[in-house]
Amino acid sequence: MNQPLQRSVGGEPVCSQGLRPLCSAERETLGVRECTCISDESDGLLEFCDVPLKEKKLLEVKLGELPSWILMRDFTPSGIAGAFQRGYYRYYNKYVNVKKGSIAGLSMVLAAYVFLNYCRSYKELKHERLRKYH
Amino acid sequence: MNENLFTSFITPVILGLPLVTLIVLFPSLLFPTSNRLVSNRFVTLQQWMLQLVSKQMMSIHNSKGQTWTLMLMSLILFIGSTNLLGLLPHSFTPTTQLSMNLGMAIPLWAGAVITGFRNKTKTSLAHFLPQGTPTPLIPMLVIIETISLFIQPMALAVRLTANITAGHLLIHLIGGATLALMSISTTTALITFTILILLTILEFAVAMIQAYVFTLLVSLYLHDNT
């Protein structure tokens, strides 16, 4: 039942008549979305009305559920390391590992580095402001 | 002014935790690896540059010396990237710390010398006496050559520290002078600003040259000893 996938102009996956795209979660496949077309009739089997709280993304969590969502996150060292790894690969696959990568991928990292160093040394830098009386 | 000038060289510590570890590890993020034959532009550029540098630097060694290629290439990449990152505003440069440079220089120099003593003992000892010295001068010359041997790691470390620190200090001073002169006389401020631009260009060159010199000297010590 799987048909080849076509992408519309906006980069969103589209399928032919009677089919709809089903995409993997970006976080599991490290920043790359893998999609296939499946039959429209298998609606009830695949669509969950209640997604478990643990698997929801941050933007899908309702405000009242936020404390319990935060507490459910994996705060073990391997969990935190996994989060950093996912974040790194998400950035890398979006800005660097592309066909026509530009200087922007590197410059954004360097700009963030400069900003973080500024925040770190703000305490000493605030004495160097242009004022009449220090 | 006194306190401001040297605050950028203090090792960064945040709430008692050493932030300097993260800063030392940061350049490794900028060198991604790729298993593909044809990778993205960033990785391709880095691979090309690395091939150029390794060919230039390791071609003088024999097969025994070429086992050090990985070590020397990582060394030049690390020092080069750390020095260049230090030229960004407000950043901390680990290679300005003498402790770090000594930690790089002494093990590498000692490794090269001990390899030489273990594998080619006679040749290594023969290095202490240059060819064709008159007989009365021999004792003094052996002492001088020993001193010059033991000063090599110190010179490696201090050369790198002093060059990078001096460059950063000059940039701070001339930048401060430009700012102070702006309200007094704009022409002098413009001249000082031109000097600042030239100095920054020099610093970019120095950052890369120092990395090259460090690695080249280690490779020369290695060449003597393999």
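Since the structure is predicted, the reported quantities are computational estimates derived from the model, not experimental observations.

About the thresholds
- Residues numbered from 1 in each chain as written.
- Chains lettered and ligands numbered in written order.
- Predicted model: local features only at pLDDT ≥ 70, side-chain atom pairs only at ≥ 80, totals over all residues.
- Heavy atoms only, no water.
- Contact = heavy atoms within 4.5 Å.
- Buried area = accessible area lost by both parts, 1.4 Å probe.
- Salt bridge = Lys/Arg side-chain N within 4 Å of Asp/Glu carboxyl O.
- Polar contact = N/O pair within 3.5 Å; in protein donor to acceptor, adjacent residues only side chain to side chain.
- Helix = DSSP H or I, 4+ residues; strand = E, 2+ residues; numbered from the N terminus.
- Nonpolar A, V, L, I, M, F, W, Y, C, P; charged D, E, K, R; others polar.
- Core = buried A, V, L, I, M, F, W, Y, C linked by side-chain atoms within 4.5 Å.
- Buried < 20%, exposed > 50% of the residue type's maximum accessible area, 1.4 Å probe, protein only.
- UniProt positions renumbered as here; feature names shortened; annotations may be inferred.
- pLDDT = per-residue confidence, 0-100.

## A look at the interface of chain A and chain B
Next, step 1: With 20 residues of chain A at the contact, the number on the chain B side is 20 residues.
Next, step 2: For the pair chain A and chain B, the two sides together bury roughly 1,700 Å², of which 67% comes from carbon and sulfur.
Next, step 3: Joining chain A to chain B, the criterion identifies zero salt bridges.
Next, step 4: Taken together, chain A and chain B are joined by four residue pairs in polar contact (both at pLDDT 80 or more).
Next, step 5: Broken down by secondary-structure element, the contributors of at least two residues to the side of chain A that touches chain B are α3 (77-96), α4 (104-120) and α5 (122-125) of chain A.
Next, step 6: Among the elements that make up the side of chain A that touches chain B, the one with the highest residue count is α4 of chain A (eight residues).
Next, step 7: Within the side of chain A that touches chain B, the residues separate by chemical class into 11 nonpolar, four polar and five charged.

## Here's the deal with the nonpolar core
Residue and element names in this part refer to chain B.
Next, step 1: Membership of the largest hydrophobic core comes to 28 residues, with the highest contact counts inside it found for Trp68, Leu75, Ile79, Met104, Leu156, Phe214 and Val218.
Next, step 2: Mapped by element, the contributors of at least two residues to this core are α3 (41-58), α4 (69-85), α5 (98-119), α7 (138-182) and α8 (186-225).
Next, step 3: Apart from the residues within four sequence positions on either side, Phe214 is in contact with Leu75, Ile79, Met104, Ala105, Leu108, Leu156 and Leu160.
Next, step 4: Ile23, Leu30, Leu85 and Phe92 belong to the second largest nonpolar core, which has six residues in total.

## A closer look at the UniProt feature "transmembrane region" (unreviewed entry) in chain B
Residues and elements named next belong to chain B.
Next, step 1: Cross-referencing UniProt, the feature "transmembrane region" (unreviewed entry) maps to residues 6-31, 67-86, 98-117, 137-158, 164-184 and 196-222 in the present numbering.
Next, step 2: Helix makes up 27% of residues 6-31 and strand 15%, whereas the separation of the span's terminal C-alpha atoms amounts to 30 Å.
Next, step 3: The distance separating the terminal C-alpha atoms of residues 67-86 is 31 Å; by composition the span is 85% helix and 0% strand.

## Re the UniProt feature "transmembrane region" (unreviewed entry) in chain A
Next, step 1: With numbering matched to this structure, UniProt assigns "transmembrane region" (unreviewed entry) to residues 101-119 of chain A.
Next, step 2: End C-alpha atoms of residues 101-119 of chain A are separated by 29 Å, and the span's content is 84% helix alongside 0% strand.

## Here's the deal with the environment of Thr76 of chain A
Next, step 1: Note that Thr76 of chain A resides in the loop between α2 (66-72) and α3.
Next, step 2: Counting along the chain gives 38 residues from Thr76 of chain A to Val114 of chain A, while the straight-line C-alpha distance between them is 29 Å.

## Considering the confidence of the model for chain B
Close inspection of predicted coordinates is inappropriate for parts of the model with low pLDDT.
All names here are of chain B.
Next, step 1: Averaged over every residue, the pLDDT of chain B is 88; residues scoring 70 or more account for 99%.
Next, step 2: Per-element averaging of pLDDT across chain B places helix α1 (residues 2-6) at the bottom with 73 and α3 at the top with 93.
Next, step 3: Both scores are given for the predicted complex: the pTM is 0.80, the ipTM 0.87.

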